[in-house]
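# Structure at a glance
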Amino acid sequence: MTSTQGPWADLDSALIWDYPTTANAQAYVVDPVRDFRIEGLNVTSRDPLNHRVFAVQVRESHNASLDIALTNAGGGVIVNNSLNTKVHTQVNTLPNYFNEYGYGLTVAGASASVQASVSGGDCRHIFTTAGDTRSGANGFEQWGDPRHVTVTGSGTAAEQFRCL
């Protein structure tokens, strides 16, 4: 969306899906955080089962570059509603807590053009998409879907976990 005027919006490309107004479709103009880097961040926890949050959340960003290692952390990295993001993540031993958490890298929301290099193991998934939901009038709803995501890397798993 390049601009709005009243109920009208100008788009720089065609919509991927139809959004019927009868379903109360909405659009928002977001001023993203631009052109930043996180390098060499190492995240660990003494008690990961009591720190069940994402270790790093990147939301509404443009041209971010992330290099993050996670070891025995309560949660991984989430990239949500972000464009042109490069992520390198090393994931080791993220606990699976009642079929939640244990995700190394989650690319969610309306993220696009993400290059992810993810390696590691002993986690629920070292990589996943669409892992962010919000409560809505009809239960949980997802706002957008990731597209144009390239993933490289490899993973191993303990007996109770599956990776990739």
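Values in this document were obtained by computation on a predicted structure and should not be read as measured data.

What counts, and at which threshold
Residues numbered from 1 in each chain as written. Predicted model: local features only at pLDDT ≥ 70, side-chain atom pairs only at ≥ 80, totals over all residues. Heavy atoms only, no water. Helix = DSSP H or I, 4+ residues; strand = E, 2+ residues; numbered from the N terminus. Buried < 20%, exposed > 50% of the residue type's maximum accessible area, 1.4 Å probe, protein only. Contact = heavy atoms within 4.5 Å. Areas by Shrake-Rupley, 256 points an atom, 1.4 Å probe, with all protein chains shown as cover. Pairing = 2+ DSSP bridges. Core = buried A, V, L, I, M, F, W, Y, C linked by side-chain atoms within 4.5 Å. Axes fitted to C-alpha atoms, helices over the stretch in contact; angles between N-to-C directions. Salt bridge = Lys/Arg side-chain N within 4 Å of Asp/Glu carboxyl O.

Attention now moves to the overall build of the protein chain. For the protein chain, the count of helices and strands is zero helices and 16 strands. Burial statistics for the protein chain: of 164 residues in total, 33% are counted as buried. Pairs at least 24 residues apart make up 60% of the contacts formed inside the protein chain by residues separated by at least 6 positions. Accessible surface, the protein chain as shown: approximately 10300 Å² in total, 49% of it carbon and sulfur.

For a regular strand, the rule is simple: side chains alternate between the two faces of the sheet. Looking at chain direction, strand β4 (residues 37–44) and strand β7 (residues 65–71) are connected through six bridges and run parallel. The residue bridging Arg-37 from the neighbouring strand is Ser-65, located in β7.

When you line up the elements, Asn-84 lands in strand β9 (residues 83–92). The exposure class assigned to Asn-84 is partly exposed, which follows from its relative accessible area of 35%. For the pair formed by Asn-84 and Val-114, sequence separation is 30 residues and the distance between their alpha carbons is 5.5 Å. Not counting chain neighbours up to four residues away, the residues in contact with Asn-84 comprise His-62, Asn-63, Ala-64, Ala-112 and Ser-113.

Attention now goes to the nonpolar core. In this structure, Leu-66, Ile-68, Leu-70, Val-77, Val-91, Leu-105 and Val-118 are the most contacted members of the largest nonpolar core, which totals 20 residues. Among the secondary structure elements, those contributing two or more residues to this core are β5 (56–59), β7, β8 (77–80), β9, β10 (103–108), β11 (112–121) and β12 (125–129). In contact with Leu-66, not counting residues within four places along its chain, are Phe-36, Ile-38, Val-58, Val-77, Val-79, Lys-86, Val-87 and His-88.

Before going further, it helps to examine the sheet that holds β5. Read across the sheet, four strands follow the order β5-β8-β10-β12 without closing on themselves; strand pairing throughout is parallel. With partners counted over all chains shown, the strands left at the sheet margins are β5 and β12, one partner each. Each strand of the sheet is rotated relative to its neighbour by a mean of 5°, with strand direction disregarded. Inspection of the sheet shows β5 paired to β8 by four bridges, in the parallel sense. Looking across to β8, one finds that Gln-57 is bridged to Ile-78.

For the coordinates displayed, the defined rule picks out two salt bridges. A salt bridge links Arg-37 to Glu-39; its shortest N-O distance comes to 1.9 Å. There is no split in this pair, since Arg-37 and Glu-39 are both exposed. Arg-59 is paired through a salt bridge with Glu-60; the nearest N and O atoms lie 3.9 Å apart. Judged by relative accessible area, which is 31%, Arg-59 ranks as partly exposed.

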